[in-house]
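Close look at the chain arrangement
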Amino acid sequence: MTARKPSRKASRKTAEVPAEVPVEAVIDGAVEAAAFVSAAPAPTSAPATPPAGAGPAERARPRRADAGPPRPRRAGDGRGVRPAPALDGADRGRLLAGDHHAPHDVLGAHPIPGGVLVRVLRPFARSVTVLTTGLRAELHDDGDGFFSGVLPVPEVPAYRLEVAYDDTTVEVEDPYRFWPSIGELDLHLIGEGRHEELWRALGAEPMEHQGVTGTRFTLWAPNARGVRITGDFTYWDGTGFPMRSLGSTGVWELFLPGVGEGALYKYDICRPDGSHTVRADPMARRTEVPPATASIVTAAHHEWQDADWMAHRGDRPVHEAPFSVYEVHLASWRPGLTYRQLAKQLPAYVKDLGFTHVELMPVSEHPFGGSWGYQVTGFYAPTSRMGTPDDFRFLVDALHRAGIGVIMDWVPAHFPRDDWALAEFDGRPLYEHSDPQRAAHPDWGTLEFDYGRTEVRNFLVANATYWCEEFHIDGLRVDAVASMLYLDYSREDGQWSPNEFGGRENLDAVAFLQEMNATVYRRNPGVVTIAEESTAWDGVTRPTDGGGLGFGLKWNMGWMHDSLQYMAKEPVHRKYHHDEMTFSMVYAYSENYVLPISHDEVVHGKQALVAKMPGDWWQQRANHRAYLGFMWAHPGKQLLFMGQEFAQGAEWSEGHGPDWWLLDPAYDASGDHRGVRTLVGDLNAVYGAVPALWQRDSVPEGFSWVDGGAAEDNVFAFLRYDADGSPLLAVSHFSPAVRGDYRLGVPETGTEGWVEVLNTDAARYGGGDVRNEEPLKAEAVPAHGRPSSISVTLPPLATVWFRPA
């Protein structure tokens, strides 16, 4: 914000005090002054919450309206205050330049021989008066906003300041009378890079300190020569609030009384070369709505109502549980809705479709909406575009109460170069690697984190646990893991250097991911971490104690690429690409997989899922439905991006979101789209009710081919088994012809025959309704290596699931 600074009277003069004041002169006047101040009135008490914007230089209380006019200053008032020893010129210059590391040593109240020295820095003030029991003492004006005096008291009293400006007078606490508001243990853990609750130690924390309410500001900036706080409570002039350095940890701290929730702030950092940069708080828990960039003081007040969900979400390991995910870009799912409005619509919609989880594209604050949240500047702040952090908590709570888990995309791979955010934060590379080749991400114009620096690793590990603990997030899908793991990712020879063993692996990133996963799983039972990792890195979902990265699940990018490539072919050509649908079973149990049809597959010219399919509109929808049936039956968990559940034909755009109008009954073809959405709901319903489809996803015993080689027929038939051996037969037919009397070998079970439990060609889904109506009796006709078989009718471009009757 831009605001008028209070004017300083042009006639104000620097107090005429000798440059050096003998201490003896101070002592000689002490007894005389004490006699005068004994009758001075006591100051009024401080309000519990100072009103916002009351003072021009800080948020503080004006003189009470019911207290009457200010007491006229009597002749002789202030005679008890003696001139202070002159402030050292170096200290004075450094305070004004903003590069003082120990302002509390100079400002505030300090006992000296003969009294207590009080020195205050209040730019634009006309006068400053010390108020304490039995004493009202106006300080001498030393110029440049400095005021000082020696109080004739034997020890430092509890006191307040009355600060007069040209147009108002405010009564405030002196920030420089307070001890550090962060503990030694916090500093030790920060220095070690092991503070698992870093958000409780760094950032802006409303609190009560030494009996006074205010906000503690703490910042890690080890290269800074000085740091000052600036905000709307200072009219964005940081001169008056320099922070102190707390030793070798690189942490700076200042407690500001009277500053509370809703205050806007930034840090004015003096770089090593003496220049200044104004930065948002890396640990800010709330931010202004972009494109504004200030941080906002906040605290959590939401009362959670999801205790039952939290207590039981970890009852079953995720790789042995139903896990069907609806991926959502919150800002465009229903454009214009707030978090609280989304809480009224999204849980009901997702529950009706039967998904077990939602995955939210990044909600951490980001300046450019077109990045979809993948270029983060506020790692600890939910984006303010849709409301406050408590509003986001409300949305998560509503989803939990509807029985829906919440996964969040998390982006520790890189960050943008905005000059008000993390890039060269304190004048030198800090969050990014000091080697420019290691720091610059070659694809996205961003910077990569320095995973080898303990404090940076701590910043990210704590951030992962922060979302799980403060917002009850049930899972973190970690973006761009491959770009973190390889030193040569998207780099040519000569643009990267090998690790200490001569390899291309980023050993620092490996250690970070292992630490993150181990910490998240230890602290948050029931939470799952998911890797978007597109290479054949060994052990992504292997536990860390076995040398793996420690993720719970991994996106199966190979399955996604191969299967979509197959589906894009005309049916007559598919027989030449049959192995693209079967190859995934070669490595299906090397990791715990998620099968993702994500936002990345329906943007930037890749077309929406239904539009990838060949043929006319009927065939496109049939292919779409058959593919979803194949996907839901294939080993692995499912993820589907919004809009694909009703066969939206246009690519997704963050500017307008899904084409909901396609479902409007007034639209002639709405039935086509409603049919596909009905299928997705039924897929999820059958999936959740049939353990064979999810209970043994990660072990070979859960799967068996019936016929994986029917390339000429475009048929894929396989069995899924639950822990008790109960089977489900899935048959996908990707040809437009009807195939009758199609024989499939089946297990010797189901004496009552086999029945359809789902058919993507059903009329209710918009299909031709080619069905197998009666239970299909197993016959003693050998087929596919089994002694018995059934004869089925395969609908065109359809997937059919059968179970023993």
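Residues numbered from 1 in each chain as written. Predicted model: local features only at pLDDT ≥ 70, side-chain atom pairs only at ≥ 80, totals over all residues. Heavy atoms only, no water.

1. Digging into the side chain of Asn556
Relative to the helices and strands, Asn556 resides in the loop between strand S25 (553–555) and helix H13 (557–567). Here the side chain of Asn556 touches Trp559 through a polar contact of 2.9 Å, landing on its backbone nitrogen. Contact partners of Asn556, with chain neighbours within four places excluded, come to Tyr587, Tyr593, Val594, Leu595 and Pro596. (Helix = DSSP H or I, 4+ residues; strand = E, 2+ residues; numbered from the N terminus. Polar contact = N/O pair within 3.5 Å; in protein donor to acceptor, adjacent residues only side chain to side chain. Contact = heavy atoms within 4.5 Å.)

2. Let's talk about the sheet that holds strand S2 (residues 108–112)
Within the open sheet, the four strands sit side by side as S2-S3-S7-S6. Their pairing is antiparallel. Single-partner strands in this sheet number two, and they are S2 and strand S6 (140–143). This sheet shows a mean twist of 25 degrees between the axes of neighbouring strands, independent of strand direction. (Pairing = 2+ DSSP bridges. Axes fitted to C-alpha atoms, helices over the stretch in contact; angles between N-to-C directions.)

3. Examining the packing of aromatic side chains
This model, assessed by the stated rule, comprises 46 aromatic pairs. Ring centres of Tyr380 and Tyr466 lie 4.9 Å apart, and the angle between their planes is 55 degrees; on these two criteria the pair is classed as tilted. Taken together, the residues Tyr380 in strand S21 (residues 378–382) and Tyr466 in helix H10 (residues 454–470) connect sequence positions 86 residues apart. The same class applies to Tyr380 as to Tyr466, namely buried. Geometrically, the ring pair formed by Tyr486 and Trp537 is edge-to-face, given 5.4 Å between the ring centres and 80 degrees between the ring planes. You can see Tyr486 sitting in the loop between helix H11 (481–485) and helix H12 (507–523) and its partner Trp537 sitting in the loop between strand S24 (528–531) and S25, a full 51 residues away along the chain. Taking the ring centre of Trp333 as reference, the NZ or CZ of Arg334 above it sits at 5.3 Å. When the ring centre of Phe471 is taken as reference, the NZ or CZ atom of Arg393 above it lies at 4.3 Å. (Phe/Tyr/Trp six-rings, centres within 6.5 Å; stacked < 30°, edge-to-face > 60°. Buried < 20%, exposed > 50% of the residue type's maximum accessible area, 1.4 Å probe, protein only. Lys NZ or Arg CZ within 6 Å of the ring centre and 35° of its normal.)

4. Quick look at unusual backbone geometry
Pro291 follows Pro290 through a cis peptide bond whose omega is 15 degrees. The residue Trp236 is not glycine, and still its phi comes out positive at about 60 degrees. Mapping Trp236 onto the fold places it in the loop between strand S12 (226–231) and strand S13 (244–245). Note on Trp236: relative accessible area 21%, which makes it partly exposed. Here Leu797, not a glycine, exhibits a phi torsion of approximately 45 degrees, which is positive. By the secondary structure assignment, Leu797 is in the loop between strand S33 (788–794) and strand S34 (798–804).

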